[in-house]
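# Structural overview
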Amino acid sequence: MPELATKFRTALLTTLREEVYASALRSSALDGRLGPWTAVLTNAAVQTCLRLGWRASAKGHSDNLLPVNRGEYLALDVMAFAPGESRWSFPLAIMELENQRREEFIAYSLWKLLSVRAELRVLFCYRKESADAAPLRKRLQDEVVAALGIGDRVALDGETLLVVGRRGEAETFPNGYFAWWCLDANTGRFENF
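An account of the accompanying structure is given in this report.

About the criteria used
Residues numbered from 1 in each chain as written. Predicted model: local features only at pLDDT ≥ 70, side-chain atom pairs only at ≥ 80, totals over all residues. Heavy atoms only, no water. Axes fitted to C-alpha atoms, helices over the stretch in contact; angles between N-to-C directions. Helix = DSSP H or I, 4+ residues; strand = E, 2+ residues; numbered from the N terminus. Parallel < 35°, antiparallel > 145°, perpendicular 65-115°, else oblique. Left-handed = near helix turned anticlockwise from the far one by under 90°. Contact = heavy atoms within 4.5 Å. Nonpolar A, V, L, I, M, F, W, Y, C, P; charged D, E, K, R; others polar.

Packed helix pairs are characterised by how far apart their axes lie and by the angle those axes make with each other. Their axes nearest at 9 Å, the elements helix α1 (residues 3–16) and helix α3 (residues 34–51) cross at an angle of 120°. Put simply, α1 runs oblique to α3. The hand of the α1/α3 crossing is right-handed. Of the residues in α3, those touching α1 at Phe8, Ala11, Leu12, Thr14, Thr15 and Leu16 are Leu41, Ala44, Ala45, Gln47, Thr48 and Arg51. Here the contact of α1 with α3 is built from residues that sort into 7 nonpolar, 4 polar and 1 charged.

The structure is reproduced here in structure tokens:
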């Protein structure tokens, strides 16, 4: 099991059990309001990073992580750094929260994550029906990951998670609500996580 990814997932699920996140994320998913879904999940992801002792930056959550103070760095939704890191260090974790229904946008977000050096990459996205999560995983695997080529794929440092929220599973929030996969860089497949 990937250690950093496991720590992040455990901490995120703990964060999402807090009522301030749980009710807002569940209701926005059930109503299909993906703008608020993204905002709540972004706040929960930042809070999770802080819970893990990381410094985090995102839209609405700027920190003096780098000499250029921004909410989003490199147009990535969430960026986190290990505590005590010096300025200009590589991020520990990067995250994209893609609320678009079109798979091309989700694929672009995965490509963007895979293009940046980090110990943990997390792509959050949403599908209305639970049955739509696995075909999305396969398409991302077959198109984006396969395009890397074996050499580039095996050279990827860190862990890459695909996390799909599913409205059809909102009643089992937060554990059953998300489908989790971790990229196996050797095989190029997203495996159940």
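Right, picking up where we left off after that structure.
Turning to the packing of helix α2 (residues 19–31) against α3, a few remarks are in order. Their axes nearest at 8 Å, the elements α2 and α3 cross at an angle of 150°. Here α3 runs roughly antiparallel to α2, going by the angle between their axes. Helix-helix and strand crossings are classified by hand; for α2 and α3 the assignment is left-handed. Here Tyr21, Ala24, Leu25, Ser28 and Ala29 of α2 lie close against α3, whose contacting residues are Pro36, Trp37, Val40, Leu41, Asn43, Ala44 and Gln47. In terms of residue class, the contact of α2 with α3 is made up of 9 nonpolar, 3 polar and no charged.

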